[in-house]
Amino acid sequence: MLDADKSEDSDSGFESDSEDETQQNTQIQALETELLNNPSNYDLHVQYIKALRKQGDIEKLRQAREAMSAIFPFSEMWQEWTKDETSLCSGTDALPAIEKLFEYGVSDYLSVALWCDYLSFVQEHDQSVRTLSAAGITKARNLFERALVAAGLHVAEGSKIWELYREFEQAIFLTIDETDADSREKQVQRIRNLFHRHLSVPLADLSSTLLTYKAWEAEQGANLDVDSSNLDGLSPHVASSYQKTLSRTHHENQISHKVAPESERLQHFMWVCARGMARWLRGDGADQTTENSKSGAKDSADGSEGKGLQPSSSHQRTSNIQLKGKDTFAMPRAVRPLGWVDKDKPKSKETDAVEDENPKSNEEFRKMFIKS
């Protein structure tokens, strides 16, 4: 009986897996059909890639990702793509293809995490870099310098690249023979310069970097208080550079905290544009604008003696603007469309003369403006 029950359970499990696979195939076929009809639909591409990744069809998944990346920026999905390909990496033959994929990713999308993955991949899978050969060290350093240029100034996460670079240089230092004093001193100076460069860039956790630097200098024999953030014992150049950088970091943080959310800034921008556009559309010309300004000044003077300041007529017109919609879109109601003609209103002789007049050239318009 137990064997029969186990057999029934295994059969039901197999049927369930078969049904899931059938549903996945149906979903993938439906997505493929929709993409043929609408290849510029971003969400369809994302759903298609997720379905193929779940199914495990590597070749189709690669084709789908390549097709989407040719149309849209791949953004954070680059990291998922490179991780999938790295997990399938077998031997040195796949190294150039994956490096090429990383190159596409970092050129398409600014991501500190993607750069860190790229650097770690090269150090782990490139034999010349892993064994710290002369060619491998040169290759890694060039890649680190490129990463610093591309993402080393990222305020929140840029320190990760600087730290990886230092760890690589410190690993080189550990391989140098203790009897080779010149090479060890050169490498120490290289690491020191890397610390100095890092401390001159306004990044987050700069005080933590300072403590790390002081601890490292103490290992080299410097007499420093490694538990304090004071600058005693550091060279004047490093201390001055750090203080300037720290003040810039505080300033950037204050600015970032004061910046309103993007939705609020857009709303304010649209509101300002609406006011300006409504004033221009509802105005009656330069002469009346001048008269309104004069009358507004007169009303203000009169009001200062009695009821206080009164809004000018232009402000009264602007107050009738209706702001509607999620993004505060302006709706000027009293504006007539271009080309609107009141057929019931009799035309004057001056109007007929203006309408019958031939269009003026640019030179004639220029002379008119100069005369005025």
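Owing to the predicted nature of the structure, the values given are computational and were not obtained by experimental measurement.

Caption draft 1: Region of the structure containing the overall build of the chain. Across its full length, the chain carries 17 helices and 2 strands. By the burial criterion, 28% of the 372 residues in the chain qualify as buried. Counting only contacts in the chain whose residues sit at least 6 apart along the sequence, the fraction spanning at least 24 positions is 53%. With an accessible surface of roughly 25,300 Å², the chain has 52% of that area assigned to carbon and sulfur atoms.

Caption draft 2: Structural detail: the side chain of H198. Along the polypeptide, H198 turns up in helix 10 (residues 181–199). For H198, the side chain forms a polar contact with the side chain of S159, separated by 3.4 Å. The residues touching H198, leaving out its near neighbours within four places in the chain, are S159, W162, R166, L203, L206 and T209.

Caption draft 3: Seen up close, the nonpolar core. Ranked by size, the top nonpolar core spans 48 residues in total, and within it W115 and I161 carry the most contacts. At the level of secondary structure, the elements contributing two or more residues to this core comprise helix 1 (2–37), helix 2 (42–55), helix 3 (58–71), helix 4 (77–87), helix 5 (95–108), helix 6 (112–125), helix 8 (134–151) and helix 9 (159–175). Examining the composition of this core, we find that 8 residues originate from one element, helix 6, more than from any other. Discounting residues that sit within four places of it in the chain, I161 has contacts with V112, W115, C116, L119, F144, A147, L148, A151 and G152. In this structure, L199, L206, L210 and V238 belong to the second largest nonpolar core, which totals 15 residues.

Caption draft 4: Representation of the pattern of salt bridges in the model. Taken as a whole and judged by the stated rule, the model has 13 salt bridges. In this structure, K139 engages E99 in a salt bridge whose closest nitrogen and oxygen atoms are separated by 2.9 Å. You can see K139 sitting in helix 8 and its partner E99 sitting in helix 5, a full 40 residues away along the chain. Here K139 falls in the partly exposed class, since its relative accessible area comes to 30%.

Caption draft 5: A look at the packing of helix 8 against helix 9. With their axes 10 Å apart at the nearest point, helix 8 and helix 9 run at an angle of 160 degrees to one another. Looking at the two axes, helix 8 sits roughly antiparallel to helix 9. Of the two elements, helix 8 crosses helix 9, and the hand of that crossing is left-handed. In this structure, helix 8 uses I137, A140, R141, F144, E145, A147, L148 and A151 to contact helix 9, whose residues at the interface are I161, W162, L164, Y165, F168, E169 and I172.

Caption draft 6: Spatial organisation of helix 4. Here helix 4 has its buried residues at M77, W78, W81, T82, D84 and E85. Axial view of helix 4: buried residues confined to an arc of 160 degrees, hence all on one face. Where helix 4 is buried, its residues meet helix 2, helix 3, helix 5 and helix 6.

The rules we used
Residues numbered from 1 in each chain as written. Predicted model: local features only at pLDDT ≥ 70, side-chain atom pairs only at ≥ 80, totals over all residues. Heavy atoms only, no water. Helix = DSSP H or I, 4+ residues; strand = E, 2+ residues; numbered from the N terminus. Buried < 20%, exposed > 50% of the residue type's maximum accessible area, 1.4 Å probe, protein only. Contact = heavy atoms within 4.5 Å. Areas by Shrake-Rupley, 256 points an atom, 1.4 Å probe, with all protein chains shown as cover. Polar contact = N/O pair within 3.5 Å; in protein donor to acceptor, adjacent residues only side chain to side chain. Core = buried A, V, L, I, M, F, W, Y, C linked by side-chain atoms within 4.5 Å. Salt bridge = Lys/Arg side-chain N within 4 Å of Asp/Glu carboxyl O. Axes fitted to C-alpha atoms, helices over the stretch in contact; angles between N-to-C directions. Parallel < 35°, antiparallel > 145°, perpendicular 65-115°, else oblique. Left-handed = near helix turned anticlockwise from the far one by under 90°. Arc of directions from axis to C-beta.

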